[in-house]
Amino acid sequence: MLSETPKEKATEMLKDVLFFVVGSLIYAVSVNVFTAPNQIAPGGVTGISTMVNYLFSWPIGMTGLLLNIPIFIWAIMEIGYKLVGKTIVATVFVSVAIDLVGRIVPAYTGEKMLAAIFGGIIEGIGLSLVFMRGGTTGGTDLVARLLGRRLRNLSMGKLMLCVDMTIVVASAFVYGNIESALYATITIFVSTRLIDALLYGTDIGTGKLLFIMSVKNDEIAQDILTDMDRGVTVLKSRGAYSGREGEVLLCAVRRYEVVKVKDIVRSHDHDAFMIIGDAGEISGEGFREAKPEDKTLKELIAHVNAKKNEK
């Protein structure tokens, strides 16, 4: 069975801290140099904090941390402290970094389009480093996950979009111009596309395939379904040596979600056996959808020739 030695645990914890610190500092540059000085509030709790800073001059990082506290309490009550632990740590790092970096780096107050684009690029790089180690910065991601437990007919992506767009629309009223909301939309688009590319490649259909064997399969499958909004398939199995009948969980996830699955598995069964492999292409809900109109170059040429022959 798989088990981590104290040295391996310490190494993983050190990696988490390193990625969180570097990612937080990069993200803080995006906020202090590009978005906040140019009245751009690109969704999430940081977006709300940016607007509060504009109205009352409260520090963005500390405001964000305070706003996240009730969300953390809600999350701990709903899904448990183990699955929220890394998010709390990452959020503290981000909040502290934003307020510290704001005292050091100069603000860019030139062309707002450049601020929106580069703010999105730098934000995407910083958040990707945090996501790679299974953390988030709280806010939108956590609220969407919690709402998803009750609004099961809506996907995580749609819920996150609704929460973010509500904040973006509010920014137009706070700043008194619609351009701020439009620039915020550009920042969100650039950031999310870059995160997709960095975390699981430019092809959003790629990911990881996990086989999980545990005495707590039912509990693990339920948490993956509810907390991650990912499907799980139960496969019947039989041990070649023991001859015992059993079950294997099959789950396809995006690359950065592997850490979350491992956390769920370990929270139920530290001795669970897992096999994690690459999935070159995944099609279906939550991944790249295979559409009937998608055609190869050869198929397109054949289609054009067929149209010519008809004439």
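In what follows, the structure referred to is the one given above.
Sequence order as written defines the numbering, with residues in each chain counted from 1. Per-residue local features are limited, in this predicted model, to residues with pLDDT of at least 70; the limit for side-chain atom pairs, both in listing and counting, is 80 or more; totals at the level of whole chains, interfaces and linings are taken over all residues. With hydrogens and water stripped out, all remaining heavy atoms of the structure feed into the side-chain values.

Considering the overall build of the protein chain
Then, in step 1: For the protein chain, the count of helices and strands is eleven helices and four strands.
Then, in step 2: Relative accessibility decides the category of a residue: with a 1.4 Å probe and only protein chains considered, values under 20% of the type maximum give buried, values over 50% give exposed, and everything between is partly exposed. When each of the 311 residues of the protein chain is scored for burial, the buried share is 41%.
Then, in step 3: All accessibility values rest on the Shrake-Rupley procedure with a 1.4 Å probe; residue burial counts only the protein chains present in the view. Accessible surface, the protein chain as shown: approximately 16900 Å² in total, 63% of it carbon and sulfur. Labels follow the DSSP assignment, with helices taken as runs of H or I lasting at least four residues and strands as runs of E lasting at least two, numbered in each case from the N terminus.

Structural notes on the sheet that holds strand β3 (residues 245-253)
Strands pair in a sheet through their backbones, by hydrogen bonds, and they do so in one of two ways: parallel or antiparallel.
Then, in step 1: At least two DSSP bridges between two strands are needed for those strands to be called paired. Spatial ordering of the open sheet is given by β2-β3-β1-β4, a layout of four strands whose pairing is antiparallel. Where the open sheet ends on each side, the last strands, each with one partner, are β2 (233-238) and β4 (273-279). Sheet twist, expressed as the mean angle between neighbouring strand axes with direction ignored, is 25°.
Then, in step 2: Contacts: residue pairs with any heavy atoms within 4.5 Å of one another. A fitted line through C-alpha atoms serves as each axis, taken over the contacting stretch for helices, and the angle formed by two N-to-C directions is quoted from 0 to 180°. Against the sheet, helix α9 (residues 217-228) makes contact with β1 (207-213) and β3, and its axis sits at roughly 20° relative to β3, the strand it touches most.
Then, in step 3: Contacts between helix α10 (residues 258-268) and the sheet are confined to β1, β3 and β4, with β4 contributing the most and set at about 165° to the helix.

Quick word on the pairing of β3
Then, in step 1: Where β1 and β3 come together, five bridges link them in antiparallel fashion. Among the inter-strand pairings, L209 is bridged to a residue of β3, identified as A252.
Then, in step 2: The sheet contact formed by β2 and β3 spans six bridges and is antiparallel. Each bridged residue has a counterpart across the sheet, and for T233 the counterpart in β3 is L250.

So, α9
Then, in step 1: Expected span, for any helix, means 1.5 Å times one less than how many residues it has. Given a rise of 1.5 Å per residue, twelve residues ought to cover 16 Å, and the 16 Å separating the end C-alpha atoms of α9 matches this to within 8%.
Then, in step 2: Residues N217, I220, A221, D223, I224, T226, D227 and M228 constitute the buried set of α9.
Then, in step 3: Among the residues trailing α9, D229 stands out with phi positive, at a value near 60°.

Here's the deal with the side chain of T87
Then, in step 1: With respect to the helices and strands, the residue T87 is situated in helix α4 (residues 85-101).
Then, in step 2: Ignoring anything within four residues of it in the chain, the contact list for T87 reads F72, T136, G138 and L142.

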